[in-house]
Amino acid sequence: MDPTALLAGAALFDSGRYFEAHEVWERPWLREPDPQVRRFYQALIQLAAGFHKLRAAGNLESARRLLRKANAKLADLPDALAGMHLAELRRAAQAWERALDSAVWQPPSIGPLLTASNSGT
């Protein structure tokens, strides 16, 4: 796992720059040899792409589809992966998906992607 890219992408995600976060995570995703870490990067990329679709283009259906895909990948990952604690991220991503699926849709609060417990610090 590339911790520099992971944290740089998370900072972009947390500041609402979802497309840029996606771009930062794409290179390590393509180069990562560990299949579980690749799956983790792909889930992050899909989360970022989903929020980009939602916020930049107002495309609710694409956002829903991408968040479902990201959650499916996160669900298959262990709770601890390469020093990351994924349970909190998994809960947040599931809450984002539920918010998008709710009958009375309101934009979800997109909190920090990585907390101190997730960043390995």
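Scroll up to find the structure.
All residue numbers here refer to positions counted from 1 along the written sequence of the relevant chain. The predicted nature of this model means local features are confined to residues of pLDDT at least 70 and side-chain atom pairs, given and counted, to a pLDDT of 80 or more, with totals for whole chains, interfaces and linings taken over all residues. Computation of side-chain values covers all heavy atoms of the structure but excludes hydrogens and water.

Asker: Could you clarify how one ought to interpret the side chain of Arg-64 in this entry?
Answerer: Secondary structure elements follow DSSP: runs of H or I no shorter than four residues count as helices, runs of E no shorter than two count as strands, and numbering proceeds from the N terminus. Looking at where Arg-64 falls in the secondary structure, it is placed in helix 4 (residues 60–75). Residues count as neighbours in contact if any of their non-hydrogen atoms are within 4.5 Å of one another. Discounting chain neighbours no more than four positions away, the residues touching Arg-64 are Leu-100 and Asp-101.

Asker: Which parts of the structure should I look at to understand the side chain of Glu-32?
Answerer: Tracing the backbone shows Glu-32 in the loop between helix 2 (18–31) and helix 3 (35–57). Here a polar contact means two N or O atoms within 3.5 Å. Within protein one must be a hydrogen donor candidate and the other an acceptor candidate, and residues neighboring in sequence count only if both atoms are side-chain atoms. Of the polar contacts made by the side chain of Glu-32, one reaches the backbone nitrogen of Met-1; its length is 3.3 Å. At a separation of 3.1 Å, a polar atom in the side chain of Glu-32 contacts the main-chain amide nitrogen of Asp-34. Sequence-distant contacts of Glu-32, defined by excluding residues within four places in its chain, comprise Met-1, Val-37, Arg-38 and Tyr-41.

Asker: Sorry if this is basic, but what is going on with helix 2 here?
Answerer: Turn by turn, an α-helix covers 3.6 residues, leaving residues three or four places apart pointing in a common direction. What a helix is expected to span follows from its residue count: subtract one and scale by 1.5 Å. In this model helix 2 runs 21 Å from its N-terminal to its C-terminal C-alpha over 14 residues, within 8% of the 20 Å that 1.5 Å per residue would give. To sort residues, take the accessible area from a 1.4 Å probe on protein chains only and compare it with the maximum for the residue type: under 20% means buried, over 50% means exposed, and anything in between is partly exposed. Of the residues making up helix 2, those classed as buried are Tyr-18, Ala-21, His-22, Trp-25, Pro-28 and Trp-29.

Asker: What's the story with the environment of Gly-83 in this structure? I'm lost.
Answerer: The topology assignment puts Gly-83 in the loop between strand 1 (80–81) and strand 2 (84–85). Distance from Gly-83 to Pro-3, taken between C-alpha atoms, is 9.9 Å for residues 80 residues apart in sequence.

Asker: Is there a simple way to explain the packing of aromatic side chains in this structure?
Answerer: To describe a pair of aromatic rings, you give the distance between the ring centres and the angle between the ring planes. A pair of Phe, Tyr and Trp rings is counted when the ring centres sit within 6.5 Å of each other, with Trp represented by its six-membered ring. The angle between the planes then sorts it: under 30 degrees is stacked, over 60 is edge-to-face, the rest tilted. Going through the model one piece at a time under the given rule, you end up with seven aromatic pairs. Considering the side-chain rings of Phe-13 and Tyr-18, the 5.1 Å spacing of their centres and the 75° angle between planes classify their relative orientation as edge-to-face. Classification of Phe-13 as buried rests on a relative accessible area of 0%. Overall, the relative accessible area of 8% leaves Tyr-18 in the buried class. The interplanar angle of 75° and the centroid separation of 5.9 Å between the aromatic rings of Phe-13 and Phe-51 together place this pair among those described as edge-to-face. On the criterion of sequence distance, the pair formed by Phe-13 in helix 1 (residues 3–14) and Phe-51 in helix 3 is long-range, its members being 38 residues apart. The same class applies to Phe-13 as to Phe-51, namely buried.

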